Amino acid sequence: MRRMISVAAAQLGPISRDDSRASVIARLLHHMRSAHAKGCELVVFPELALTTFFPRWIIEDEDELDSYCESEMPSPDTEQLFDEAKKLGIGFYLGYGEIDRAEGRKRRFNTAILVDGNGRIIHKYRKIHLPGRAEPDPNYAIQHLEKKYFEVGDLGFTAVRAFGGVLGTCICNDRRWAETYRVLALRGAEMVVLGYNTPTRSFWEEHENPLSDFHNRLSMQAGAYQNCMWVVGVAKAGIEDGAGLIGGSCIVAPTGEIVAQCTTREDELITADCDLDLAAGLKQNLLNFEVNRQIDAYRPITEQAGITPPPEE
Ligand code: ING
């Protein structure tokens, strides 16, 4: 009996700074209902799916910055998502800005949760690889201030048994780092689901990067193949208040092949029936971790962050 997960990638088009949470929740609910109608048991939404990609803006006012985040989950706005998930029996991945007040201090994280078909939070992840800068550069109209607004995630990369398999999660920039997929694979993940907001042109680039879409696919296809896992990557896409975000949401098989991909930069739903044992042969032979990995050779990966080249002659 093949272990299948029917999954939907629910890409969102642009969300403007002044779009209400209610208008966004309505779009997410529409996606959730469409995914259910197509027989999916899991729908994956983007990173920071409730708001515009606010780390592109300089926001000095604490209350304004908090207005882009959620102090509780479910929150009054997102309660509807949990209720609909329970009513339809469909799970979801949701990325959002989190305000955490544990231990009497206030911290913000770029967070994602997995919710099961009973509307229960079964997994939480806080983004570890925070791109961009900790301080704005006045020379640029568009910033990338995730290091200023969020703390590095403190929950690690963990996997959870759900939807008949083992799932891992990550967020956006995490998908560009091989370590993300490898740690999740070593923890048993057979599918990694993630959301992203990727600028078409970043603050350090003069022009739009023509390789953005290629690098997006390459990162996820390589991660999928090298770790024998499904990867579902879901964009918030389009032009948000003049700033472009790539689309390219896709579902990647453990073979590295893209089995479904969005073709617009709008709200768009793609689905796939994912066989979790598709790569069993690869996993037991060519890419058998237990038999083939030589961990004594990998020490630099965890012992140093930067590069140590050989000494000059
Ligand atoms: N976004 C980007 C990503 O890794 C980035 C970071 C910015 C990439 C600019 C390229 C250009 O896809 C997030 N949110 O991590």
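For the structure, see preceding data.
The structure presented is a predicted model; accordingly, all values stated were derived computationally and were not measured.

Draft legend 1. Representation of the side chain of Ser16 within the structure. Here Ser16 shows up in the loop between β1 (4-11) and α1 (21-37). A relative accessible area of 18% places Ser16 in the buried class. Separated by 2.8 Å, the side chains of Ser16 and Asp241 make a polar contact. Setting aside residues up to four positions removed in sequence, Ser16 forms contacts with Thr52 and Asp241.

Draft legend 2. Examining the packing of aromatic side chains more closely. In the structure shown here, the tally under the stated rule is six aromatic pairs. For the pair Phe45 and Phe92, a centre-to-centre distance of 6.3 Å together with 55 degrees between the ring planes defines the contact as tilted. With Phe45 in the loop between β2 (42-44) and α2 (62-67) and Phe92 in strand β4 (residues 91-100), the pair connects residues that are 47 residues apart, well separated along the chain. With centroids separated by 5.8 Å and ring planes inclined at 65 degrees, the aromatic side chains of Phe54 and Phe150 adopt a geometry described as edge-to-face. Here Phe54, found in the loop between β2 and α2, pairs with Phe150, found in the loop between α4 (146-149) and β7 (159-162); they are 96 residues apart in sequence, far enough to count as distant. Members of the aromatic cluster, connected to one another through ring pairs, are Phe54, Tyr68, Tyr149 and Phe150. Sitting over the face of the ring of Tyr196, Arg175 holds its NZ or CZ atom 4.2 Å from the ring centroid. Here Arg293 stacks its cationic end above the ring of Phe289, 5.8 Å away from the centre of that ring.

Draft legend 3. Representation of unusual backbone geometry within the structure. A cis amide bond links Met73 with the next residue in sequence, Pro74, at an omega value of 0 degrees. Relative to the assigned elements, Pro74 resides in the loop between β3 (69-70) and α3 (79-88). Despite not being glycine, Cys228 has its phi angle at roughly 50 degrees, a positive value. Assignment of secondary structure puts Cys228 in the loop between α6 (212-226) and β10 (230-235). Relative accessible area serves as the criterion here: at 4%, Cys228 is assigned to the buried category.

Draft legend 4. View of the packing of α1 against α3. The contact between α1 and α3 brings their axes to 10 Å, and the two run at 10 degrees. Overall, the two elements α1 and α3 adopt an arrangement that is roughly parallel. Within the contact between the two elements, α1 uses Ile25, Leu28, Leu29, Met32, Arg33 and His36 and α3 uses Gln80, Leu81, Glu84, Ala85 and Leu88. In the contact of α1 with α3, the residues fall into seven nonpolar, two polar and two charged.

Draft legend 5. Quick peek at the pairing of strand β6 (residues 121-126). In this sheet, β6 lies alongside strand β5 (residues 107-115) in antiparallel orientation, the contact comprising five bridges. In the sheet register, Ala112 faces β6, and the bridge partner there is Tyr125. Two successive antiparallel strands, β5 and β6, enclose a turn made up of five residues, where Gly119 displays a positive phi of approximately 75 degrees.

Draft legend 6. A look at the pattern of salt bridges. Within this structure, the stated rule accounts for 27 salt bridges. Here Arg105 makes a salt bridge to Glu103, at a shortest N to O gap of 3.3 Å. Residue Glu103 is classed as exposed on the basis of its relative accessible area of 66%. In the salt-bridge network here, residues are joined through shared partners; they are Glu98, Asp100, Arg107, Lys124, Arg126 and Asp154.

Draft legend 7. Quick peek at the nonpolar core. One finds Val7, Met191, Val231, Val232 and Ile251 to be the most contacted residues of the largest nonpolar core, which totals 47 residues. Sequence-distant contacts of Val231, defined by excluding residues within four places in its chain, comprise Tyr181, Val192, Leu194, Met220, Ala224, Cys250, Ile251 and Val252. Judged by nonpolar contacts, the second largest core, of 27 residues, contains Ile15, Ile90, Leu94 and Val115.

Draft legend 8. Structural context of the site of the ligand. In the vicinity of the ligand, 15 residues are found, and the nearest of them are Glu146, Cys172, Asn173, Arg176 and Thr198. Take Arg175: an N or O atom from its side chain is 3.0 Å from an oxygen atom of the ligand. Contact with the protein chains removes 92% of the 370 Å² of surface that the ligand exposes when unbound. The residue makeup of the shell around the ligand, split by class, is five nonpolar, five polar and five charged.

Draft legend 9. Examining a nonpolar patch on the surface more closely. On the surface, Leu211, Phe214 and Leu218 cluster together into a nonpolar patch covering about 270 Å² of accessible area. Its location among the elements puts Leu218 in helix α6.

What counts, and where the lines are drawn
Residues numbered from 1 in each chain as written. Predicted model: local features only at pLDDT ≥ 70, side-chain atom pairs only at ≥ 80, totals over all residues. Heavy atoms only, no water. Helix = DSSP H or I, 4+ residues; strand = E, 2+ residues; numbered from the N terminus. Buried < 20%, exposed > 50% of the residue type's maximum accessible area, 1.4 Å probe, protein only. Polar contact = N/O pair within 3.5 Å; in protein donor to acceptor, adjacent residues only side chain to side chain. Contact = heavy atoms within 4.5 Å. Phe/Tyr/Trp six-rings, centres within 6.5 Å; stacked < 30°, edge-to-face > 60°. Lys NZ or Arg CZ within 6 Å of the ring centre and 35° of its normal. Axes fitted to C-alpha atoms, helices over the stretch in contact; angles between N-to-C directions. Parallel < 35°, antiparallel > 145°, perpendicular 65-115°, else oblique. Nonpolar A, V, L, I, M, F, W, Y, C, P; charged D, E, K, R; others polar. Pairing = 2+ DSSP bridges. Salt bridge = Lys/Arg side-chain N within 4 Å of Asp/Glu carboxyl O. Core = buried A, V, L, I, M, F, W, Y, C linked by side-chain atoms within 4.5 Å. Near = heavy atom within 4 Å. Areas by Shrake-Rupley, 256 points an atom, 1.4 Å probe, with all protein chains shown as cover. Patch = residues over 30% accessible without salt bridge, like charges linked within 9 Å, V, L, I, M, F, W, Y side chains within 5 Å.

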